[in-house]
Amino acid sequence: MDVVVCTKYVPTETTLGPDHLVVRSGVDGMLDPGDEYGLELALQLTERHGGEVAVVSMGPGEAGTAIQRALAMGAQRGIHVVDPALRGADALVTSRVLAAAIGRAPFDLVVAGVESTDGYTGTVPVTVAELLGLPSVTAIRSLEPSDGGARIERMTEGGFDVYETPLPVVVTVTAGAVEPRYPSLKGIMQAKQKPIERASLADLGIDDVTTTQRVTSVSDAPAKQGGEVVQGDEAVPRIVDLLAEAKVI
Amino acid sequence: MGDAFVYAEVSAEGPKPVALELLAHARGFGMPVAAVALGPGATDSARALGEHGAGTVYASDDPVFADHPDRPAAHVLAGLVADHAPDVVLFAQTYDSRDVAGRLQARTGSTLMANATAVSDPRHARAEIFGGTQVVEVELDGPSPTIVLLRPKSIAAERGGGDAEVVEVDADVPDDVRGARVVERHEEQASGPRLEDAKVVIAGGRGLGGPDAFALLDELAASIDGAAVGASRAAVDAGWVPYSYQIGQTGKTVKPEVYVAAGISGALQHAVGMKGARRIVAINKDPDAPILAMADLGVVGDLFQLVPAITEEIRRRRGS
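Computed from a predicted structure; not experimentally measured.

## Some details on the interface of chain A and chain B
Item 1. Taken together, the contact pairs 60 residues of chain A with 75 residues of chain B.
Item 2. Of all the secondary-structure elements, those providing two or more residues to the side of chain A that touches chain B are α3 (91-102), α4 (124-132), β7 (136-146), β9 (159-166), β12 (213-220), β13 (228-231) and α7 (235-245) of chain A.
Item 3. Among the residues making up the side of chain A that touches chain B, the classes are represented as 30 nonpolar, 19 polar and eleven charged.
Item 4. Two strands pair when backbone bridges link them, and β9(A) and strand β12 (residues 181-187) of chain B are joined in this way by six bridges, in the antiparallel orientation. Directly across from A:Phe160, in β12(B), lies its bridge partner B:His186.

Right, dumping it as structure tokens:
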């Protein structure tokens, strides 16, 4: 089972620049922690059933460190889409880029995180699925190959549903579904020998990267009234008083 | 001028509460509003959708929409969008609606704005970022319709509509766009009120140290009528409680009368889901925990002593 894992390089701390875009270059960053669960699931699947894991990432030059971490965890190769025109790319442009990059190699499964920890949009994986004409199941906690397809458990508001799907399929993996491994020293050393293909927009045959959203203003939300902090013996009666004032007891 | 479309999640019990909230957002545009309701319960939901502002309801009760997660709905919705050329399609920021929205975007090539808290017209929306500490106003460009995903509980549902015209939708979905299929459903039997409806929410986080300590929160909740227990993402990710407990950016949004956060640091991801609570009480052993700055009443102390003591004090005052 060959798997492509979509990964995102995110700033360690999200800040907005003067142009109202998230600052992604020249700041500390990392492989999005939300992507590690999908990567781990992919690694476990290929360890049990054979096949390769490739990681795809779109981002500035620094995003190479996120790919390096994925390779150190055990992925076999990386594809890094880097192009200055992609700065500030929106969800649709990102989806088109990822779909084009993913389509460059054969695969049975595409894995992504449920949503990024900097933007939380959470639609890119399904948009990629639609562009590739593939089924998708989001927010999954397990996947097992079965009868040429896959059997998948998806988290729901009140429990979970079981899905059956043909392959290839696009899935997003919830945090906590598996325990992501730490890269071993050996893994870190081996990662340096693994291939990372760099692709530009021209390489992917994409020319339209028009963004369709513009932040017109950023302002502070009304500050919450600074509350009161108590310690020690008075805490318990104060909390119960508050519940009584709220008329809930 | 075109219509505003609302993608309304429905079930056999009627429209989801958030569908009625979306209609309240759409009514503010002052343009005709149509709801799209797909799956079992759609036709029966039309009455409530009309009462809350939908002039037209495009409905199909076909089980294909419940049996397959997102592709059939996106396929039929894309057809309706092509036929009626709405200016905007509003979705709820839920897992199910988000998947339909993402697929619709691939079909229409239009802009998609997620996590909005307000939308003043089809081209202007607002979102809160950094855990609700900052507000951004966003202008939406590109081909119609714009696609806007609104966070649940960002507006109150409001009656004041009339009878909607119900238009039955052709649910002829080709096999090759059906995709994954639901073969089993597992619902956990929850006791007490739903987290989203509870008057009091008692939530636990990493500070609980393990699943067993949630019993302390259960006991406190049991001593208060209409209280439910929730959790931060850290506690859910650790596997201590099921995903259905999760409050935050990923998870549920709650607006109770009182929110009690025990052992929750107050990460931005969590704040988004609970900052609308009327009163916030935070118990944390770390005096620097961000949740204490958000709380109306912050307590620096040991939750393992405080929570049982609160339960005890409530029982004592109630004389039981």
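## Some points on the environment of A:Ser184
Residue and element names in this part refer to chain A.
Item 1. Structurally, Ser 184 can be placed in the loop between β10 (169-173) and α5 (185-191).
Item 2. For Ser 184, a count of 12 C-beta atoms within 10 Å corresponds to the exposed category.
Item 3. Considered as a pair, Ser 184 and Val 248 are 64 residues apart in the sequence and their alpha carbons are 52 Å apart.

## A short note on the nonpolar core
Item 1. With 187 residues, the main nonpolar core has B:Val6 and B:Leu90 as its most contacted residues.
Item 2. With nine residues, the single largest contributor to this core is α3(A).
Item 3. Excluding residues that lie within four positions of it along the chain, B:Leu90 makes contacts with B:Ala4, B:Phe5, B:Val6, B:Tyr7, B:Leu22, B:His25, B:Ala26, B:Val119, B:Val148 and B:Leu150.

## As for the pairing of strand β8 (residues 124-129) of chain B
Residues and elements named next belong to chain B.
Item 1. Across four bridges, the pairing between strand β7 (residues 112-121) and β8 is antiparallel. The residue bridging Asp 121 from the neighbouring strand is His 124, located in β8.
Item 2. Counting the residues that bridge the hairpin from β7 to β8 gives two residues.
Item 3. Looking at chain direction, β8 and strand β9 (residues 134-140) are connected through six bridges and run antiparallel. In the strand pairing of β9, Ala 127 is matched with Val 136.
Item 4. The turn linking β8 back onto β9 is made up of four residues, and Phe 130 within it adopts a positive phi angle of 50°.

## Remarks on unusual backbone geometry
Item 1. A cis amide bond, omega -5°, links A:Leu167 with the succeeding residue A:Pro168.
Item 2. Take A:Pro168: it is sitting in the loop between β9 and β10.
Item 3. In this structure, the amide linkage connecting B:Ser144 to the following residue, B:Pro145, adopts the cis form with an omega of -5°.
Item 4. The residue B:Pro145 is located in the loop between β9 and β10 (146-150) in this model.
Item 5. With phi around 60°, B:Asn115 is a residue other than glycine that occupies positive phi space.
Item 6. Position of B:Asn115 among the secondary structure elements: in strand β7.
Item 7. Judged by the 21 C-beta atoms lying within 10 Å of it, B:Asn115 is buried.

## Some remarks on helix α6 (residues 214-222) of chain B
Residue and element names in this part refer to chain B.
Item 1. Turning to α6, its buried residues are Phe 214, Leu 216, Leu 217, Leu 220 and Ala 221. When α6 is viewed along its axis, its buried side chains cluster within an angular range of 150° and face the same direction.
Item 2. Along its buried surface, α6 packs onto β13 (200-204), β14 (227-231), β15 (258-262) and α10 (303-318).

## Here we look at the packing of α6(B) against α10(B)
Residues and elements named next belong to chain B.
Item 1. The geometry of α6 relative to α10 is characterised by a closest axis approach of 9 Å and an angle of 20° between their N-to-C directions. Here α6 lies roughly parallel to α10, going by the angle between them. Handedness of the α6/α10 crossing: left-handed. Mapping the contact onto sequence places Leu 216, Leu 217, Glu 219 and Leu 220 in α6 and Val 307, Pro 308, Ile 310 and Thr 311 in α10.
Item 2. Residues that form the contact of α6 with α10 fall into these classes: six nonpolar, one polar and one charged.

Definitions and limits used
- Residues numbered from 1 in each chain as written.
- Chains lettered and ligands numbered in written order.
- Predicted model: local features only at pLDDT ≥ 70, side-chain atom pairs only at ≥ 80, totals over all residues.
- Contact = placed C-beta atoms within 7 Å.
- Helix = DSSP H or I, 4+ residues; strand = E, 2+ residues; numbered from the N terminus.
- Nonpolar A, V, L, I, M, F, W, Y, C, P; charged D, E, K, R; others polar.
- Pairing = 2+ DSSP bridges.
- Buried ≥ 20, exposed ≤ 12 C-beta atoms within 10 Å, placed from the backbone.
- Core = buried A, V, L, I, M, F, W, Y, C linked by C-beta atoms within 7 Å.
- Arc of directions from axis to C-beta.
- Axes fitted to C-alpha atoms, helices over the stretch in contact; angles between N-to-C directions.
- Parallel < 35°, antiparallel > 145°, perpendicular 65-115°, else oblique.
- Left-handed = near helix turned anticlockwise from the far one by under 90°.

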